[in-house]
Amino acid sequence: DGPFTVAIDGPAAAGKGTVSRALAERFGMAHLDTGLLYRAVAAQALAGADPVAAATSLMMAELERADLRTPEVAQEASRVAADPEVRRALVGFQRRIARQAGGAVLDGRDICTVIAPEAEVKLFVTASAERRAERRFEELRARGVETTLEEVVGDVRARDERDARRRDAPMVRAEDAEVVDTTAMTIEEAVEAASGFVERAL
Ligand code: C5P
């Protein structure tokens, strides 16, 4: 019942969120979608707040705001996430969740590399840019967000580039992270593949 960390990184809309939630449910662990932290800071920055101040005083309740899942907030998230001071303000909270009793699944961009390099399971969940954009487009449309496939392709590409190129904690596959490529997988297959890695480490 001690700490057991499943660290999941990968580009936008690769299926990290779905896989993480399913793993947390299946293995009875906590789950933290760390992208929400950056999105919550971004939402406050878009409302005029200073991003570092917003990150320093971030409250859990702010992660539940319904408007964090918009393309506009996503773009701003990848901008505020490039600021090392914003990132530093969010490290402690993420590490506490990662090492809590009972285990935790964390997904983001720097979980295997920076937040929890000691994690028992490290995965890099990815998919082709086309598949990722299609999935995000369907997801947004299902939620009634007005957008086009071209817009989503542009959003995903811009964020991936910014996230991969920033100097502090860039998105990269950790050397010891297992790759789960979900391009040709159903949700169930992706969850099964990821579960296999957790079961072998338990
Ligand atoms: O995962 P999600 O798409 O919600 O993340 C939004 C943005 O937050 C990413 O594009 C990235 O810039 C940033 N992020 C990050 N590090 C994390 C999680 C998210 O820089 N661990």
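All of the points below concern the structure found in this document.

Analysis parameters
Residues numbered from 1 in each chain as written. Predicted model: local features only at pLDDT ≥ 70, side-chain atom pairs only at ≥ 80, totals over all residues. Heavy atoms only, no water. Helix = DSSP H or I, 4+ residues; strand = E, 2+ residues; numbered from the N terminus. Rg over C-alpha atoms; globule rule 2.2 N^0.38 Å. Buried < 20%, exposed > 50% of the residue type's maximum accessible area, 1.4 Å probe, protein only. Contact = heavy atoms within 4.5 Å. Areas by Shrake-Rupley, 256 points an atom, 1.4 Å probe, with all protein chains shown as cover. Near = heavy atom within 4 Å. Polar contact = N/O pair within 3.5 Å; in protein donor to acceptor, adjacent residues only side chain to side chain. Nonpolar A, V, L, I, M, F, W, Y, C, P; charged D, E, K, R; others polar. Core = buried A, V, L, I, M, F, W, Y, C linked by side-chain atoms within 4.5 Å. Pairing = 2+ DSSP bridges. Axes fitted to C-alpha atoms, helices over the stretch in contact; angles between N-to-C directions. Parallel < 35°, antiparallel > 145°, perpendicular 65-115°, else oblique.

## Notes on the overall build of the chain
Next, step 1: When its secondary structure is counted, the chain shows 9 helices and 5 strands.
Next, step 2: Along the chain, helices and strands appear, N-terminal first, in the series β-α-β-α-α-α-α-β-α-β-α-α-β-α.
Next, step 3: The C-alpha radius of gyration computed for the chain amounts to 16 Å, which stays within 12% of the reference 17 Å derived for 202 residues, consistent with globular compactness.
Next, step 4: Taken along its principal axes, the extent of the C-alpha atoms in the chain is 45 × 35 × 30 Å.
Next, step 5: Expressed as a percentage of its 202 residues, the buried residues of the chain come to 48%.
Next, step 6: Counted over contacts in the chain with a minimum sequence separation of 6, partners at least 24 positions apart contribute 77%.
Next, step 7: Split by element, the accessible area of the chain, about 9,800 Å² in all, is 52% carbon and sulfur.

## Details of the site of the ligand
Next, step 1: Taken together, 14 residues are adjacent to the ligand, and Arg39, Arg87, Asp110, Arg159 and Asp163 come closest.
Next, step 2: The side chain of Thr34 places a nitrogen or oxygen atom 2.9 Å from a nitrogen atom of the ligand.
Next, step 3: In the complex, the protein chains occlude 97% of the 450 Å² of accessible area that the ligand would expose alone.
Next, step 4: Mapped onto the shell around the ligand, the elements with two or more residues apiece are α2 (35–46), α4 (71–80) and α8 (149–165).
Next, step 5: For the shell around the ligand, the element with the highest residue contribution is α2, accounting for 3 residues.
Next, step 6: Each residue belonging to the shell around the ligand can be placed in one class, and the counts come to 3 nonpolar, 4 polar and 7 charged.

## Here's the deal with the side chain of Thr5
Next, step 1: Examined against the element boundaries, Thr5 turns out to sit in strand β1 (residues 5–9).
Next, step 2: Looking at Thr5, its side chain comes within polar contact range of the side chain of Arg99, at 2.8 Å.

## Re the nonpolar core
Next, step 1: Counting residues in hydrophobic clusters, the biggest one holds 20 residues, and the most contacted among them are Leu37, Tyr38, Val41, Leu58, Leu63, Val86 and Leu90.
Next, step 2: Only α2, α3 (51–56), α4 and α5 (84–98) provide two or more residues apiece to this core.
Next, step 3: The greatest single-element share of this core, amounting to 8 residues, is contributed by α2.
Next, step 4: Here Leu58 is in contact with Leu37, Ala40, Val41, Gln44, Leu63 and Leu90, once residues within four sequence places are set aside.

## Considering the sheet that holds β1
Adjacent strands of a sheet pair through backbone hydrogen bonds, lying either parallel or antiparallel.
Next, step 1: Reading across the sheet, the 5 strands line up as β2-β3-β1-β4-β5 and stay open at both edges, with parallel pairing between neighbours. Of all strands in the sheet, those with a lone pairing partner are β2 (30–33) and β5 (178–181), marking the two edges. Neighbour-to-neighbour, the strand axes of this sheet turn through a mean angle of 20°, independent of strand direction.
Next, step 2: Note: β1 against strand β3 (residues 104–108), 5 bridges, orientation parallel. Note that in β3 the partner of Ala7 across the bridge is Leu106.
Next, step 3: This element, α5, spans β1, β2 and β3 of the sheet and lies at about 145° to β3.

## Regarding the packing of α2 against α4
Next, step 1: Running from N to C, α2 and α4 cross one another at 100°; their axes reach a closest spacing of 8 Å. With respect to α4, the axis of α2 lies roughly perpendicular. Touching Tyr38, Arg39, Val41, Ala42, Ala43, Ala45 and Leu46 of α2 are Glu72, Val73, Ala74, Glu76, Ala77 and Val80, all from α4.
Next, step 2: The class makeup of the residues in the contact of α2 with α4 is 10 nonpolar, no polar and 3 charged.

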